[in-house]
Amino acid sequence: MRILHLSDTHLERTDAPNKWGVNATDSLRLMLADLRHLRDVDAVVVTGDLADDGAVEAYTAVRDLVGDFARPLNAPVFYTTGNHDERTAFGKVLGSGHPEPVAALESPAAERAAVSTVAGWRFVTLDSLVPGKVYGRLGAAQLE
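Not measured: the values here are computed from a predicted model.

(A) Region of interest: the packing of aromatic side chains. Taken as a whole and judged by the stated rule, the model has 2 aromatic pairs. Their ring planes at 5° and their centres at 4.6 Å tell us that Phe-78 and Phe-123 sit as a pair that is stacked. With Phe-78 in strand β3 (residues 77-79) and Phe-123 in strand β6 (residues 121-125), this pair connects stretches of sequence that are 45 residues apart. Accessibility expressed as a relative area gives 1% for Phe-78, which makes it buried.

(B) Structural context of the sheet that holds β3. If you trace the 3 strands from one edge of the open sheet to the other, you get β1-β2-β3, paired in parallel fashion. The open sheet has two edge strands with one neighbour each: β1 (3-7) and β3. Each neighbouring strand pair of the sheet contributes to a mean axis angle of 15°, computed without reference to strand direction. When strand β2 (residues 43-47) meets β3, the two strands line up parallel, connected through 3 bridges. When the sheet's bridge partners are listed, Val-44 is paired in β3 with Val-77.

The rules we used
Residues numbered from 1 in each chain as written. Predicted model: local features only at pLDDT ≥ 70, side-chain atom pairs only at ≥ 80, totals over all residues. Heavy atoms only, no water. Phe/Tyr/Trp six-rings, centres within 6.5 Å; stacked < 30°, edge-to-face > 60°. Helix = DSSP H or I, 4+ residues; strand = E, 2+ residues; numbered from the N terminus. Buried < 20%, exposed > 50% of the residue type's maximum accessible area, 1.4 Å probe, protein only. Pairing = 2+ DSSP bridges. Axes fitted to C-alpha atoms, helices over the stretch in contact; angles between N-to-C directions.

Here it is in structure tokens:
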């Protein structure tokens, strides 16, 4: 099993430089272009802080850019939340974060946790997001 793991893309609602002069969307584009040579990737996992400001537009951009990269590889893409993410916007664009979950958590806190199987391997994503905080926590429903 070969997994490409990307983390902390921090995309914003606009495809433009942020207050530090960095265009995170362009950075992701460039990184994926540099990785085009990869072959035999069985899955792509994008973890935490997909969006810097929790905007639907940022999740859409991550989904489209990473999806376009993974499609020719026939590799499913899995997404998880981080402390900068926003559950409602994440869910609106990415659902459970899995392409076809075997099981997705339904909890009062709307945590984005799910389980899928790829080539006999189980992918489990958990959601430790505590809105407005830099630390994370796994709730009782996920631990159960």
